[in-house]
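Commentary on secondary and tertiary structure
Below are the chains, spelled out letter by letter.
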Amino acid sequence: MNESYWQKDKIKSFSKLEEDIDCDVLIIGGGLAGLSTAFHLNNSHLKVVVIDKDQLMSHTSSHTTAKVTVLHGLVYQDIARLYGNYYAYLYYKSKKQKVK
């Protein structure tokens, strides 16, 4: 069976949270989205805490290719059909700006 990037390298395990803690931002879920959010908040002046029920990157994120792309299959056709080509183009531009 093929392993994703996330499965090949073992992610450090952390001990179970046994006490109350204070934080400004609590991120629930240590997958790709949760850890990316924590990473982007790393240089803020906020105390950020990530919690997960199991090991980080061990469920949905461990089975993904984790690619960032503006190509979302048929979504552009759906947007164009429902709202017109201009809005499909705006959706593309908004995704392209986030990828850079």
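Check the entry above for the structure.
Each chain has its residues counted from 1, running along the sequence as written. Selection of residues for local features in this predicted model requires a pLDDT of at least 70, selection of side-chain atom pairs for listing and counting requires 80 or more, and totals for whole chains, interfaces and linings are taken over all residues. By convention in this description, side-chain values take in all heavy atoms of the structure and omit both hydrogens and water.

Details of the pairing of strand β2 (residues 48-51)
Within a regular strand, the side chains alternate between the two sheet faces. The following threshold applies: The pairing criterion for strands is at least two bridges between them, as found by DSSP. Elements are defined by DSSP. Helices are runs of H or I of four residues or more, strands are runs of E of two residues or more, and each kind is numbered from the N terminus. Here the term right-handed applies to a crossover when the path leading from its first strand over the helix to its second strand runs clockwise, the strands being oriented away from the viewer.
With 4 bridges connecting them, strand β1 (residues 25-28) and β2 associate as parallel partners. In the strand pairing of β2, Ile27 is matched with Val50. Handedness of the crossover is the feature at issue here: the chain leaves β1, passes through helix α2 (residues 32-41), returns alongside β2, and the resulting connection is right-handed.

Some details on a negative patch on the surface
Here is the rule: For patch building, the residue pool is restricted to those with more than 30% relative accessible area and no salt bridge; the joining distance is 9 Å between like charges and 5 Å between nonpolar side chains (Val, Leu, Ile, Met, Phe, Trp, Tyr). Each accessible area is a Shrake-Rupley estimate made with a 1.4 Å probe; only the visible protein chains count as cover when residues are assessed. One speaks of a salt bridge when a side-chain nitrogen belonging to Lys or Arg is within 4 Å of a carboxyl oxygen belonging to Asp or Glu. For the purpose of charge, His is not counted, nor are the chain termini; Lys and Arg are scored as positive and Asp and Glu as negative. Positions of charges follow a simple convention, taking NZ of Lys, CZ of Arg, CG of Asp or CD of Glu. Each residue is assigned to one of three classes by its accessible area relative to the maximum for its type, calculated with a 1.4 Å probe on protein chains only: buried under 20%, partly exposed between the two thresholds, exposed over 50%.
A cluster of acidic side chains, namely Glu18, Glu19, Asp20, Asp22 and Asp24, defines a negative patch on the protein surface. Within the element layout of this structure, Glu19 appears in the loop between α1 (5-8) and β1. Among the residues examined, Glu19 registers a relative accessible area of 57% and is labelled exposed.

Brief notes about the packing of aromatic side chains
Rule in force here: In summary, the pairing rule links any two rings of Phe, Tyr or Trp, Trp by its six-membered ring, whose centres are within 6.5 Å, and it sorts them by plane angle into stacked for under 30 degrees, edge-to-face for over 60 and tilted for everything else.
In this structure the tally under the stated criterion is 3 aromatic pairs. Between Tyr76 and Tyr91 the ring centres are 5.7 Å apart and the planes differ by 65 degrees, which places this aromatic pair in the edge-to-face class. Pair noted here: Tyr76 is in helix α3 (residues 75-83) and Tyr91 is in helix α4 (residues 85-99), with a separation of 15 residues, a long-range link. Given a relative accessible area of 19%, Tyr76 falls into the buried group. When the centroid spacing of 5.6 Å and the interplanar angle of 75 degrees are considered together, the rings of Tyr86 and Tyr87 count as edge-to-face. Take Tyr86: its relative accessible area is 55%, and that puts it in the exposed class. Among the aromatic residues, those joined into a cluster by ring pairs are Tyr76, Tyr91 and Tyr92.

Worth remembering: the numbers are spatial, not functional.
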